[in-house]
Amino acid sequence: MFDCALCSLVEELIPKETKVGFRMAKEEPQSISKDLQELQKKLSLLIESIQTNSKVVAFMTSPVGQYLDRHPFLALNLLMFIAMSAVPVGFFLLLVVLTSLAAFVGVILLEGLVISVGGLSLLCILCGLAFISLAMSGTITVSYMVVSSLISYWFSPSFIVYAE
């Protein structure tokens, strides 16, 4: 009797869209769950191989690695900044090489001007990328926290309603 009263109370509190979503999750074929388990095994093996790499272990035991391990948001921000700044830095280095070649031909003043303008442009681009990477890291972090809390709330044993 208590179970039926609890079920009716839970059904009143949970919106109908949510209940439909759980029914769909229960009716998924077994092959999807087996595929997800296989994917999880492959990902765990990949993560384990990365974590046991000697260069990764050496970096993580260094003071910088330990600091970044204690500050994951800063590590994500640094990773986003490095990944996004690789192309502008590459273009800048290409510009430096090409202007250096032009300097050998006799365009010394133009080289100094182009490198100065290119350096200021690179500075502006990297400042913009730092801001964008900070915003993207914040968005990714907040999205991760929201999605993980929603998933843990939706699939908690006290929230799932079993069909009778």
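Residues numbered from 1 in each chain as written. Predicted model: local features only at pLDDT ≥ 70, side-chain atom pairs only at ≥ 80, totals over all residues. Heavy atoms only, no water.

Engineer: For this particular structure, what's the right way to read the overall build of the protein chain?
Structural biologist: Counting its regular elements, the protein chain contains 7 helices and 0 strands. N-terminal to C-terminal, the α/β element order of the protein chain is α-α-α-α-α-α-α. Taken over 164 residues, the protein chain has a buried fraction of 13%. Taking the contacts inside the protein chain whose residues are at least 6 apart along the sequence as the reference set, 69% of them involve residues at least 24 apart. Roughly 12900 Å² of accessible area belongs to the protein chain as shown, and the carbon and sulfur atoms make up 74% of that amount. (Helix = DSSP H or I, 4+ residues; strand = E, 2+ residues; numbered from the N terminus. Buried < 20%, exposed > 50% of the residue type's maximum accessible area, 1.4 Å probe, protein only. Contact = heavy atoms within 4.5 Å. Areas by Shrake-Rupley, 256 points an atom, 1.4 Å probe, with all protein chains shown as cover.)

Engineer: I tried to follow the packing of helix 4 (residues 54-61) against helix 5 (residues 63-70) on my own but got confused; where do I start?
Structural biologist: If you want to describe how two helices pack, look at the angle between their axes and the distance between the axes. Look at helix 4 against helix 5: their axes get within 4 Å of each other, and the N-to-C directions meet at 80 degrees. Looking at the two axes, helix 4 sits roughly perpendicular to helix 5. For the pair formed by helix 4 and helix 5, the contact residues are Phe59, Met60 and Thr61 on the first element and Pro63, Val64, Gly65, Gln66, Leu68 and Asp69 on the second. Across the contact of helix 4 with helix 5, the residue classes break down as 5 nonpolar, 3 polar and 1 charged. (Axes fitted to C-alpha atoms, helices over the stretch in contact; angles between N-to-C directions. Parallel < 35°, antiparallel > 145°, perpendicular 65-115°, else oblique. Nonpolar A, V, L, I, M, F, W, Y, C, P; charged D, E, K, R; others polar.)

Engineer: I tried to follow the confidence of the model for the protein chain on my own but got confused; where do I start?
Structural biologist: Detailed conclusions should not be drawn from predicted coordinates in areas where pLDDT is low. Summary statistics for the protein chain give a mean pLDDT of 80 and a share of 76% for residues scoring 70 or more. Helix 1 (residues 2-13) is the least confidently modelled element of the protein chain, averaging 46 in pLDDT, while helix 5 averages 91, the highest of any element. Here residues 1-10 scores under 50 on pLDDT; set against residues more than four positions off or in separate chains, the count is 2 contacts. Residue range residues 15-24 is modelled with pLDDT below 50. Its contacts to residues more than four positions away, or to other chains, number 7 contacts. (pLDDT = per-residue confidence, 0-100.)

Engineer: Could you clarify how one ought to interpret the packing of helix 5 against helix 6 (residues 72-105) in this entry?
Structural biologist: Closest axis-to-axis distance for the helix 5/helix 6 pair is 5 Å, and the angle between their directions is 110 degrees. What the angle tells us is that helix 5 and helix 6 run roughly perpendicular. Residue-level inspection shows Tyr67, Leu68, Asp69 and Arg70 of helix 5 in contact with helix 6, the latter providing Pro72, Leu74, Ala75 and Leu78. Its residues assigned to classes, the contact of helix 5 with helix 6 shows 6 nonpolar, no polar and 2 charged.

Engineer: How should a nonpolar patch on the surface be read in this particular structure?
Structural biologist: Together, Val142, Val146, Val147, Leu150, Ile151, Tyr153, Trp154 and Phe155 make up an exposed nonpolar region whose accessible area comes to about 730 Å². Relative to the assigned elements, phenylalanine 155 resides in the segment after helix 7 (108-154). You can call phenylalanine 155 partly exposed: its relative accessible area is 45%. (Patch = residues over 30% accessible without salt bridge, like charges linked within 9 Å, V, L, I, M, F, W, Y side chains within 5 Å. Salt bridge = Lys/Arg side-chain N within 4 Å of Asp/Glu carboxyl O.)

Engineer: Explain the side chain of threonine 99 here, please?
Structural biologist: Locating threonine 99 in the fold gives a position in helix 6. Under the relative-accessibility criterion, threonine 99 is labelled buried at 11%. Among residues more than four places away in sequence, those in contact with threonine 99 are Glu111, Val114 and Ile115.

Engineer: It is not clear to me how the pattern of salt bridges should be interpreted in this structure. Could you clarify?
Structural biologist: Evaluated as defined, the whole model comprises 1 salt bridge. Between glutamate 38 and lysine 42 there is a salt bridge whose closest N-O contact spans 3.5 Å. Note that glutamate 38 and lysine 42 are positioned in helix 3 (residues 30-51) at a spacing of 4 residues, about one turn of the helix. According to the relative accessible area criterion, glutamate 38 is partly exposed, its value standing at 44%.

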